[in-house]
Amino acid sequence: MSKLPKPEELARNISFQTPAKGWMDVKPDFRPGTYCNAAAPKWMEWVGYPFPRAWSVAEADWKLPPDWKEIILAGMEDRLKRFRSLKIFFDICVRCGACADKCHFYLGTGDPKNMPVLRAELMRSVYKRYFTTAGKLLGEIAGARDLTEDVLKEWFFYLHQCTICRRCSLFCPYGIDMAEMTLLGREMLASVGLNIDWALASVAQCYDKGSHIGATPQAFKDMMDFLAEENERITGITTPPSYNRKGAEVLFVMPSGDYFADPGTFTMMGYMLLFEYIGLDYTLSTYAAEGGNFGWFVSHEMGKRLNVKIYEEAKRLKVKWILGGECGHMWRVCNQYMPTYWGESPGFLEEPVSPITGTRFENAKVHKMVHISEFTADLIKHGKLKFDTQRNAHIKLTFHDSCNTSRGMGIFEEPRYIINSVLPEGNFVEMPPNTIREKTFCCGSSSGINANENMEIRMLGGFPRANAVRYVQEKYGVNHLGCICALDRATLPTLVQYWVPGMECTGITELVGNALVFPGELERTTDLRDRDLEGFGEAEETEEEGDE
């Protein structure tokens, strides 16, 4: 891991000066801290990906296969035929620049090639050269260029500085989807063995063991049992998980970040408390112990392979429907890609109906999966949960709309409804309007690039998000950043620790777990993180002082 400059030093280096050279003449600068490492051969072998080999991004020779150029061009031709959208996106862009300042990586780096219009041009220029008459005849005059190793390296550098967040698409007058172009570009890179290690390691371990972290079924069970014990210690309520139980009404699938590392573990404790409170008939799978889908960051095919795993397990366990935890890309895949993956709705599952309220979740007709925020908001709406909001009085929260659940799925109101139900009045503060909801800024580290070796580019990419968080911290005293995405809960703590010291990150179901009032529970003295509750014990201390 390269040494990360201090925040003020890094911010000073952001420049929006017009480059001295044309963009085709500027090669990417593979400095330590700005790129992800190459995938280790073993991960590629595990999933059957082509051309596994040891190579280094920093070295000149990437050990490409001899016919790499033919493979890339054949791959582009294939995708132009299979994905009508790709050809349309290549052809209709008028370079109006509406997207230019919308990308967090451009705002954080000042690099023109991180403007979505120019990032797309990296691939479009090759398309023009080999697949359009004007490009074949006029070459660079028509914006076309030859496919060379330098061009391929440029693809690798900048397509891994796109988090597939689609903020640029929101502002594009034609709706050009840079995320789709990035995904297809990464697929072509993978076809000649150019993959990043963090993403491929996660994919391979999920494919082999069931979760991105490579936890065995036994390790998964141990972690869940431990979190259940923590719930009992803090609240006095037993929340025993059910594993691989056939015939349960619901299969609950969560991202591995929610049982592997803080702060996600506290969100997992919140899930378990909620399910115990309402008596939900659910089971966990030690095989499908991962809701996240890093495969989607690599290729459509690998995204499908990891998505199907969840549904095959739901079929084996004979559940009625699936309830999913706070994960971003799990939900983007279900909401936008599953109809294409499956061709039709999984017929062995039922359209989800809440067993507590009777609500039919019609938005889940196709994928048969309900988001935990939708499920919880419905419970609150029907008066099924009792809260003591004072237990969250120490938390002054702002909310980060995770790109995949907000722009990708349209979940805006449900988490806010939950937040306002479990926090004292006045403890929820929104960030500026142009940084939230459909205009939300990305965490800067998603789509498989949340590694450690590229920390400088991660901090620059996340700077716009952090800047909005710092604004509400300084103006309103906000001390917590909430979200409903495990990948954000993994990346945002590092980001805010760097740019906004003193800010904590939390899942929304953690706040639910804090506030739930159970019959016969212990008198709460701490929240799920073992932090003292605000005001607890003050009355007792006053009484003791009076007795004296």
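Residues numbered from 1 in each chain as written. Predicted model: local features only at pLDDT ≥ 70, side-chain atom pairs only at ≥ 80, totals over all residues. Heavy atoms only, no water.

It is worth spelling out the packing of aromatic side chains at this point. Tallied over the entire structure, the rule returns 24 aromatic pairs. Where Phe157 meets Tyr158, the ring centres are 4.9 Å apart and the plane angle is 90 degrees; that geometry is what we call edge-to-face. Here Phe157 matches Tyr158 in class, with each residue buried. Put simply, the rings of Phe30, Tyr35, Trp55, Trp62, Phe156, Phe157 and Tyr158 pair up and form one aromatic cluster. Across from the ring centre of Trp43, 4.4 Å away, lies the NZ or CZ of Lys42, which sits over that ring. Over the face of the ring belonging to Phe171 we find Lys102, whose NZ or CZ atom lies 5.0 Å from the ring centre. (Phe/Tyr/Trp six-rings, centres within 6.5 Å; stacked < 30°, edge-to-face > 60°. Buried < 20%, exposed > 50% of the residue type's maximum accessible area, 1.4 Å probe, protein only. Lys NZ or Arg CZ within 6 Å of the ring centre and 35° of its normal.)

Moving on, we get to the sheet that holds strand E3 (residues 321–324). What holds strands together in a sheet is hydrogen bonding between their backbones, with the strands either parallel or antiparallel. Judged by pairing direction, the sheet is parallel, and its four strands sit side by side in the order E2-E1-E3-E4 without closing on themselves. A strand with exactly one partner marks an edge of an open sheet, and here the two such strands are strand E2 (282–283) and strand E4 (369–371). Bridging between E3 and E4 involves three bridges; their strand directions are parallel. By the bridge assignment, Leu323 is partnered in E4 with Val370. Against the sheet, helix H14 (residues 264–278) contacts strand E1 (250–253), E2 and E3, and its axis sits at roughly 165 degrees relative to E1. Strands E3 and E4 of the sheet are contacted by helix H17 (residues 372–381), whose axis makes an angle of about 70 degrees with E4. (Pairing = 2+ DSSP bridges. Helix = DSSP H or I, 4+ residues; strand = E, 2+ residues; numbered from the N terminus. Contact = heavy atoms within 4.5 Å. Axes fitted to C-alpha atoms, helices over the stretch in contact; angles between N-to-C directions.)

Here we come to the pairing of E3. With burial as the criterion, each face of E3 is covered, one bearing Trp321 and Leu323 and the other bearing Ile322 and Gly324. By the bridge criterion, four bridges tie E1 to E3 in an arrangement that is parallel. Within E3, the position partnered with Val253 by the bridge is Gly324. For the crossover that starts at E3, traverses helix H16 (residues 329–342) and ends in the parallel E4, the hand is right-handed. (Right-handed = clockwise from strand over helix to strand, strands pointing away.)

Next up on the list: the packing of helix H3 (residues 68–82) against helix H8 (residues 149–159). Where H3 meets H8, the closest approach of the two axes is 11 Å, and the angle between their N-to-C directions is 55 degrees. When the axis of H3 is compared with that of H8, the two are oblique. As for the relative orientation of H3 and H8, their crossing is left-handed in sense. Across from Trp68, Ile72 and Met76 in H3, the residues of H8 making contact are Glu149, Leu152 and Trp155. Taken together, the residues of the contact of H3 with H8 sort by class into five nonpolar, no polar and one charged. (Parallel < 35°, antiparallel > 145°, perpendicular 65-115°, else oblique. Left-handed = near helix turned anticlockwise from the far one by under 90°. Nonpolar A, V, L, I, M, F, W, Y, C, P; charged D, E, K, R; others polar.)

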